[in-house]
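Take a look at the letters that make up each chain.
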Amino acid sequence: MDKQAIPSIPGLTRSILLGAALAAALAVAPGAASANMGDKDVARLVSFGGACPKCELSGRKLAGAHFMGVNFSEASLVGSDLREARFMGANFAGADLSRADLSDSQIIGGNFSGAVLVNARLRDVEAKGVNFAAANLAKVDMRDTSAVGSNFARAHMVEAVLQDAELSGANFSKANARGVNFRDAALTGSNLGSGVFDNASFRDADLTAANLAGGAFTGADFRGASMRAANIAGVDLSRARGLDQDQIDSACTDGATRLPSGLIARGRGCHKGARVRAATPPTPPAPPAAPRYLVSLEN
């Protein structure tokens, strides 16, 4: 077959492994090969494997695509359509997904550390055990997302929306989460230690057994939040809003806990010998073997 008949995929071509099956598919239906990374509409490309660091894929329509064990580190996918995509053991460390739409996608064992997801949509995403460490998640929309055991340590999350999200066992240590909306979120056993949560909303959130030690919560709203066995020992909550005595009595406090006027840290709510510790995120699954072909075409 003439090499020019193979779809041109800038940045990916050096990793392409084309076998007899793909050659046959192109021979039978050459028109199907017209989709390529030079076009914005690449809906026919449903499966990616191999390496494409620093690829330029901004604005591409990749809804429903599968990324199997790929390395797209530092790639650019600004504004790309990745709805219902599947990411299995994929590496997007340092990638730019600003304004990308990943709604209804599934991310298993993914690495998005240092990635840029400013104003991205990750609504109703399954992102269990995903690494978002040091990522820029400013104003990201993660409503209704399940990110159990995911790592948000040192992430920049200013004004992100995580309303109704499932975040049990997630790690937010040293995160900049000013103004984040955690309303109705499940944060059971999560680690908020040393993070900045000024003006964040924890209204009606579940903070059972969460660790807040060393965190900053000026202006944070805790109205209706469950704080049973939450570790607030030594935490300055004097300028937090919405706290009541029942919440404080159910939490783990000590003499260094600072509270708004009228509230008292009595040290109640923690059973003798109980320890509050951040839940350990589950070990991500091993990346699956990359598909035989870098690109699969739908029939």
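Rules used in this analysis
Residues numbered from 1 in each chain as written. Predicted model: local features only at pLDDT ≥ 70, side-chain atom pairs only at ≥ 80, totals over all residues. Heavy atoms only, no water. Helix = DSSP H or I, 4+ residues; strand = E, 2+ residues; numbered from the N terminus. Buried < 20%, exposed > 50% of the residue type's maximum accessible area, 1.4 Å probe, protein only. Phe/Tyr/Trp six-rings, centres within 6.5 Å; stacked < 30°, edge-to-face > 60°. Contact = heavy atoms within 4.5 Å. Polar contact = N/O pair within 3.5 Å; in protein donor to acceptor, adjacent residues only side chain to side chain. Core = buried A, V, L, I, M, F, W, Y, C linked by side-chain atoms within 4.5 Å. Disulfide = S-S within 2.5 Å. pLDDT = per-residue confidence, 0-100. Salt bridge = Lys/Arg side-chain N within 4 Å of Asp/Glu carboxyl O.

**Student:** Residue-level account of unusual backbone geometry, with values.
**Tutor:** A positive phi angle is found at D124, which is not glycine, with a value near 55 degrees. Topologically, D124 is positioned in the loop between strand 4 (106–108) and helix 2 (245–250). Given a relative accessible area of 45%, D124 falls into the partly exposed group. If you check the backbone angles, A134 has positive phi at about 60 degrees while not being a glycine.

**Student:** Explain the packing of aromatic side chains residue by residue, including any values.
**Tutor:** Applying the stated criterion across every chain yields a total of 20 aromatic pairs. With a centroid separation of 4.9 Å and 5 degrees between ring planes, the pair formed by F67 and F87 is classed as stacked. Within this pair, whereas F67 is found in strand 2 (residues 66–68), its partner F87 is found in strand 3 (residues 86–88), the two being separated by 20 residues in sequence. Across the pair, F87 and F67 agree in class, each one buried.

**Student:** Describe the environment of Q163, listing the residues and the values that go with them.
**Tutor:** Checked against the element boundaries, Q163 lands in the loop between strand 4 and helix 2. Excluding residues within four positions of it along the chain, Q163 makes contact with R143, D144, N181, R183 and D184. At 3.2 Å, the side chain of Q163 forms a polar contact with the side chain of N181.

**Student:** Explain the nonpolar core residue by residue, including any values.
**Tutor:** Residues F67 and F202 are the most contacted members of the largest nonpolar core, which totals 73 residues. Excluding its chain neighbours within four sequence positions, the residues that come into contact with F202 are F182, L187, L192, F197, L207, F217, A220, D221, F222, R223 and A225.

**Student:** Could you give an account of the state of the cysteines, with specific residues and numbers?
**Tutor:** In total, this model carries 1 disulfide according to the counting rule given. Between the sulfur of C52 and that of C55 lies a disulfide, 1.3 Å long from S to S. The sign of the -65 degrees torsion about the S-S bond sets the C52-C55 disulfide as left-handed.

**Student:** If you had to explain the confidence of the model for the chain to someone new, which residues and values would you point to?
**Tutor:** Chain-level pLDDT for the chain is 82 on average; 74% of the residues reach the 70-or-more range. Within the chain, the lowest mean pLDDT, 29, falls on helix 1 (residues 20–28), and the highest, 97, falls on strand 4. Overall, residues 1–40 carries pLDDT values under 50, and its contacts beyond four positions in sequence, including any with other chains, amount to 66 contacts. For residues 271–285, every residue scores under 50 in pLDDT, and the model assigns this stretch 19 contacts once sequence neighbours within four places are set aside.

**Student:** Outline the pattern of salt bridges, supporting the account with residue identities and numerical values.
**Tutor:** Should their charged atoms come close, side chains of opposite charge can pair. What the rule picks out here adds up to 9 salt bridges. In this structure, R123 and D141 form a salt bridge, with 3.9 Å as the shortest nitrogen-oxygen distance. Highlighted residues: R123 in the loop between strand 4 and helix 2 and D141 in the loop between strand 4 and helix 2, separated in sequence by 18 residues. Among the residues examined, R123 registers a relative accessible area of 26% and is labelled partly exposed. One connected set of salt bridges, linked through shared partners, spans R123, D141 and R143.

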